[in-house]
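Structural characterization, general
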Amino acid sequence: MSEWLAGLLSLGLAFAGMAALAFAMERHYEQLTGTRGTPPARRLRCLGAALLLAALLPCVWAWGATVGSVAWLGLMSAGAVGCVAAISAAPRWAARAACALGPGALLALAWAGIAP
């Protein structure tokens, strides 16, 4: 797996994970749905944590454990900044982007792990 692909996959997973963590909060969930309600916080938090941990895999595969962990932290920060900007501008589009990026990056990651 190339470094560029690993970076893009990790960034997509980090964005989706940060979006899931953000929408677990009542304020952002209300922005998303347009109604007051209790979000499924536990499921969204678990999903966000799983996506953030999955973002570590391409970094470690591409750069090794030492550099990969530092790259993962940087890409998580970039995903958080992108998520903040997207939720501030258009929360529903941010959710759609997260729903597309998360599974898409996971499928690409699985394909890259299987393909020689």
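The structure contained in this document is the topic of the report that follows. All values reported here derive from a predicted model rather than from experimental measurement. (Residues numbered from 1 in each chain as written. Predicted model: local features only at pLDDT ≥ 70, side-chain atom pairs only at ≥ 80, totals over all residues. Heavy atoms only, no water.)

Looking at the overall build of the protein
For clarity, the cut-off: Secondary structure is summarised from DSSP: a helix means a run of H or I of at least four residues, a strand means a run of E of at least two, and numbering begins at the N terminus for each. Computation of the radius of gyration draws on C-alpha atoms alone. For the globule rule, the value is 2.2 Å times the number of residues to the power 0.38. Buried, partly exposed and exposed residues are distinguished by accessible area as a fraction of the type maximum, computed with a 1.4 Å probe on protein chains only: under 20%, between the cut-offs, and over 50%, respectively. Contacts: residue pairs with any heavy atoms within 4.5 Å of one another. Note that accessible areas follow from Shrake-Rupley with a 1.4 Å probe, and for residues the cover is restricted to the protein chains shown.
A tally of regular secondary structure across the protein gives five helices and zero strands. For the protein, the N- to C-terminal ordering of α and β elements is α-α-α-α-α. In terms of overall dimensions, the protein is globule-like: its C-alpha atoms have a radius of gyration of 14 Å, near the 13 Å expected for 116 residues. Principal axes of the C-alpha set define a box for the protein whose edges measure 45 × 25 × 25 Å. Out of the 116 residues in the protein, the part that is buried amounts to 37%. For the protein, contacts bridging at least 24 residues in sequence account for 74% of all contacts bridging at least 6. Of the roughly 6,800 Å² of accessible surface on the protein, 70% is carried by carbon and sulfur atoms.

Observations regarding the state of the cysteines
We apply this condition: The criterion for a disulfide is a pair of cysteine sulfur atoms lying within 2.5 Å.
Considering all chains together, one arrives at zero disulfides under this definition. Of all cysteine sulfurs in the structure, the one in C99 sits closest to C46, which takes part in no disulfide; the separation is 17 Å. Considering cysteine sulfurs only, C99 is the nearest to C83, which forms no disulfide, with 12 Å between them. For C83, a relative accessible area of 3% gives the class buried.

A short note on the environment of E30
Turning to its location among the elements, E30 is positioned in helix α2 (residues 26-33). The partly exposed category is assigned to E30, whose relative accessible area is 31%. On a C-alpha basis, the gap between E30 and P91 in space is 9.7 Å, while along the polypeptide they are 61 residues apart. Excluding residues that lie within four positions of it along the chain, E30 makes contacts with T35 and R36.

Considering the side chain of H28
Put simply, the rule reads: Polar contacts, as used here, are pairs of N or O atoms within 3.5 Å; protein pairs need one atom able to donate a hydrogen and one able to accept it. Residues neighboring in sequence count only if both atoms are side-chain atoms.
As for its position among the elements, H28 is in helix α2. Taking the relative accessible area as the measure of exposure, H28 reaches 18% and is therefore buried. At 3.0 Å, the side chain of H28 forms a polar contact with the side chain of Q31. Contacts of H28, omitting those with residues within four sequence positions, involve A22, F23 and I87.

Points about the packing of aromatic side chains
Threshold: The rule is short: rings of Phe, Tyr and Trp, with Trp giving its six-membered ring, pair when the centres are within 6.5 Å, and they are stacked under 30 degrees, edge-to-face over 60, tilted in between. Should the NZ of a Lys or the CZ of an Arg lie within 6 Å of a ring centre and within 35 degrees of the ring normal, that charge is described as sitting over the ring.
This model, assessed by the stated rule, comprises zero aromatic pairs. The ring of W93 is capped by R96, whose NZ or CZ atom sits 4.8 Å from the centre of that ring.

Keep in mind these values describe shape, not function.
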